[in-house]
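Observations on the model geometry
What follows is the residue order along each chain.
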Amino acid sequence: MNSQDNCIFCKIVAGQIPSRKVYEDDEMMAFHDIHPKAPVHFLLIPKSHVDSLADCGPGEQAVLAKMMLKVPELARVAGCGNGFRTVINTGPDGGQEVYHLHLHVLGGPRNQWKVPLP
Ligand code: AMP
Ligand code: ZN
């Protein structure tokens, strides 16, 4: 498992920083965003460190596919029966703040979402 010493999300995977876990298996983990922008807002990450979507290659193909297929199930269980939004911020102009690839899942009543969206 590729891990980076100073990465906050690698530390969450390792249990060195607490998180409110939504889901975990051998390859991925989901946890609630610490600053939610919607009634439901969690992050889904690969456990193995990769900086961003722009840094993914064939080695990430399988886990990326598994993550995308897992999202609707996790969203449904989290209460997003009326739909949800998936967001991946990539690089400075994409507004990426944490350089461990993560997929935002946002849902809940739209009039309760905070702007700007992630
Ligand atoms: P971004 O890199 O802009 O796509 O977003 C990073 C997201 O990670 C932000 O929405 C933060 O609120 C969230 N975040 C940062 N630190 C933590 C943490 N320790 N636990 C949960 N979410 C976090
Ligand atoms: Zn990491």
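Refer to the structure above for everything that follows.
Scope of this entry: the structure provided in the associated data block. (Residues numbered from 1 in each chain as written. Chains lettered and ligands numbered in written order. Predicted model: local features only at pLDDT ≥ 70, side-chain atom pairs only at ≥ 80, totals over all residues. Heavy atoms only, no water.)

Brief notes about the overall build of the protein chain
In terms of regular secondary structure, the protein chain is built from 2 helices and 5 strands. For the protein chain, the α and β elements follow one another from N to C terminus as α-β-β-β-α-β-β. Taking 2.2 N^0.38 as the reference for a compact globule, 118 residues should give roughly 13 Å; the C-alpha atoms of the protein chain span a radius of gyration of 14 Å, in line with that estimate. Its C-alpha atoms put the protein chain at 40 × 30 × 30 Å along the principal axes. Counting contacts in the protein chain only where the partners sit at least 6 residues apart, residues at least 24 apart contribute 54% of the total. Each charge class in the protein chain can be summarised by its mean position, and for the 11 positive and 12 negative side chains these summaries are 10 Å apart. (Helix = DSSP H or I, 4+ residues; strand = E, 2+ residues; numbered from the N terminus. Rg over C-alpha atoms; globule rule 2.2 N^0.38 Å. Contact = heavy atoms within 4.5 Å. Lys, Arg positive; Asp, Glu negative; His and termini not counted. Charge placed at Lys NZ, Arg CZ, Asp CG, Glu CD.)

Points about the sheet that holds strand S1 (residues 21-24)
Here we have 5 strands laid out as an open sheet, ordered S1-S2-S3-S5-S4, and antiparallel in their pairing. Since the sheet does not close on itself, it has two edges, and those belong to S1 and strand S4 (84-87), each with one partner. Ignoring strand direction, the axes of neighbouring strands in this sheet form an average angle of 20°. Pairing analysis gives 5 bridges linking strand S2 (residues 28-32) to strand S3 (residues 40-46), with the strands arranged antiparallel. When the sheet's bridge partners are listed, methionine 29 is paired in S3 with isoleucine 45. Here helix H2 (residues 61-78) sits on the sheet in contact with S1, S2, S3, S4 and strand S5 (103-107), set at roughly 155° to S3. (Pairing = 2+ DSSP bridges. Axes fitted to C-alpha atoms, helices over the stretch in contact; angles between N-to-C directions.)

Some remarks on the environment of phenylalanine 31
With respect to the helices, strands and loops of the structure, phenylalanine 31 is situated in strand S2. Taking the C-alpha atoms as reference points, phenylalanine 31 and histidine 104, separated by 73 residues in sequence, lie 10.0 Å from one another. In contact with phenylalanine 31, other than residues within four places in its own chain, are Phe9, Ile12, Ser19, Arg20, Lys21, Val22, Phe42, Leu43 and Ile45.

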